[in-house]
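Results of the structural survey
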Amino acid sequence: MNVLAIDQGTSATKALVAAEGGEVLGEASAAVHPQAGSGGAVEQDPEELLQSIIEAGRGALAAAGAPVEAVGIGNQGETVLRWDRKTGRPFGPALSWQDRRAVTVTRELSDHADRLTEITGLPLDPYFAAPKMTWLRRQQGGEGVITTVDAWLLERLAGTFVTDAATASRTVLLDLESTTWSEEACSLFELDPESLPEIVDCDAAIGETDAFGEPLRITGLAVDQQAALFAESCFEAGEAKCTYGTGAFILATVGEGVARSQARLAACVAWRLDGKTTYCLDGQVYSAGSAVSWLQELELISEPADLDQLGAGEDGVIFVPSLAGLGAPFWSPEARGGWLGLSLASRREDLVRAVIWGIAAQIASLAKAMQDDMGRPLERLRVDGGLTRSSALMQAQADLLQAPVELYPSPDATALGVGAFARLGSGGAATPAEAVGDWAPAAVFEPHMSADEANERLAQWHAAALALAELA
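What this report covers is the structure whose coordinates are included nearby. What you see is a predicted model, and the numbers here were worked out from it, not measured in a lab.

1. A short note on the pattern of salt bridges
- Summed over all chains, the structure comprises 21 salt bridges.
- Between Glu184 and Arg115 there is a salt bridge, with the nearest N and O atoms lying 2.8 Å from each other. Linking Glu184 in helix α7 (residues 183–188) with Arg115 in helix α3 (residues 113–120), this pair joins segments that are 69 residues apart in sequence.
- Through salt bridges with shared partners, a single ionic network connects Glu239, Arg380, Arg382 and Glu406.

2. Description of the pairing of strand β15 (residues 216–223)
- In terms of residue burial, β15 counts as a mostly covered element, since seven of its eight residues are buried.
- Examined bridge by bridge, strand β14 (residues 207–209) and β15 share three bridges and lie antiparallel to one another. Bridge pairing in β15 places Thr209 opposite Leu216.
- Counted between consecutive antiparallel strands, the loop separating β14 from β15 contains six residues, among which Gly213 sits at a positive phi close to 125°.

3. Quick notes on the state of the cysteines
- Across all of its chains, the model carries zero disulfides by this definition.
- Note on Cys242: no disulfide assigned, nearest cysteine sulfur contributed by Cys234 at a separation of 11 Å.
- There is no disulfide at Cys280, and the cysteine sulfur nearest it, in Cys268, is 3.8 Å away.

4. What about the packing of aromatic side chains?
- Evaluation of the coordinates by the stated rule reveals 17 aromatic pairs.
- Measuring from ring centre to ring centre gives 6.5 Å for Tyr127 and Phe249, while their planes differ by 15°; the resulting arrangement is stacked. Taken together, the residues Tyr127 in the loop between α3 and α4 (129–140) and Phe249 in strand β17 (residues 248–255) connect sequence positions 122 residues apart. For the pair shown, Tyr127 and Phe249 are each scored as buried.
- Ring centres 6.5 Å apart and planes at 55° place the aromatic pair Trp271 and Phe421 in the tilted group. Remark: Phe421 occurs in helix α13 (residues 413–425) and Trp271 occurs in strand β18 (residues 266–273); sequence separation between them is 150 residues. With respect to burial, Trp271 and Phe421 carry one shared label: buried.

5. Observations regarding the side chain of Arg382
- Locating Arg382 in the fold gives a position in strand β22 (residues 381–384).
- Among the residues examined, Arg382 registers a relative accessible area of 10% and is labelled buried.
- Here Arg382 is in contact with Glu232, Ser233, Cys234, Glu239, Ala240, Lys241, Cys242, Glu406 and Trp439, once residues within four sequence places are set aside.

Cut-off values and rules
Residues numbered from 1 in each chain as written. Predicted model: local features only at pLDDT ≥ 70, side-chain atom pairs only at ≥ 80, totals over all residues. Heavy atoms only, no water. Salt bridge = Lys/Arg side-chain N within 4 Å of Asp/Glu carboxyl O. Helix = DSSP H or I, 4+ residues; strand = E, 2+ residues; numbered from the N terminus. Buried < 20%, exposed > 50% of the residue type's maximum accessible area, 1.4 Å probe, protein only. Pairing = 2+ DSSP bridges. Disulfide = S-S within 2.5 Å. Phe/Tyr/Trp six-rings, centres within 6.5 Å; stacked < 30°, edge-to-face > 60°. Contact = heavy atoms within 4.5 Å.

Written out as structure tokens, the structure reads:
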């Protein structure tokens, strides 16, 4: 059966029509335009997000010229907005997952940070949804509801007030063990659990939408990174993937036992299918593709392809990509990025190379923390996203990980993941493996660096990151 799979992302919405086995029959995309402002503000126009879904979805259907039986929709996860339940009208812009203004809320709740992590699995950080929800309520008043953006989109598309368990686990409001809203966590954030959407499975049939023409059932829902984890067949404990987009996000499947991290990683729901929950560990690099765009703005590179032309060789310059704060395990939202180890001999190519290795080092550091938490090494890392086009970055990643890096053959892992959930939810597949289909890596990068050198580089990077976190 064919499904319409939609990935509503930070800078664009991608839609594709996927046949059984993941073959793409048609695709389309529509740009969206987040707006950065002072004080860490990053906002998005909710109506633009909705229209981008409709435009991309209709475009993919037209390109495919084939019937579909269900729809899957992936979302940004931690982006939130305030809106009117009766009319569906948003009261203002959505706060992007990148928005850092809710740091004032996390400071107030710092004494409750450990308890919130115990309940929800998440560290207290403005990256997650609940601090932004509280900040928005205080700024804009009590009228309407405040939710993650997926609940509003689904209300507008299908008239149903729901969110999936994986997205709910990104809020700091979900009881990780029961996968229900925590009254205690909601109380700390001054939020009413009765005002929050119903939590459903990732393969739930939630209703129909006629936004794309003929009515179609929506039977797949997920937050973007967990959808990619599913698409890349990381079904077993210890399997991991990293998506290199605006940020870079590494997730490792833990299994059906509730995930807990001693290394200050985020522990959350990977997916909930037919009432059974699978958990994962999650680490974040907030500036990856955005760091490369920043290099272009500084005119250090002309285009992303320059990364491979300038990224070869070695130098002592270190870069920490904390241009939008540091996530796990530092959780320093006010940290700023920096090059360290500069000398009069440093040149443009040294700065570019340091950015490549800095992104790879932060991912490798997170992978090591995951290994420590799980008590087992990562045998490989599956990767997707725009920056995987850089062979220099992928080789650096394999070297620092000391493990093979397998390139997912499609740039659309998130969309294919929610498409697989939709296939499960509509009865078109009986198992996750059947829903995803068979695939083989487009390329495999093997480590060339010695373990001793990799460990030394990681130690130097970690010391630099810790220094910048302490300066914040």
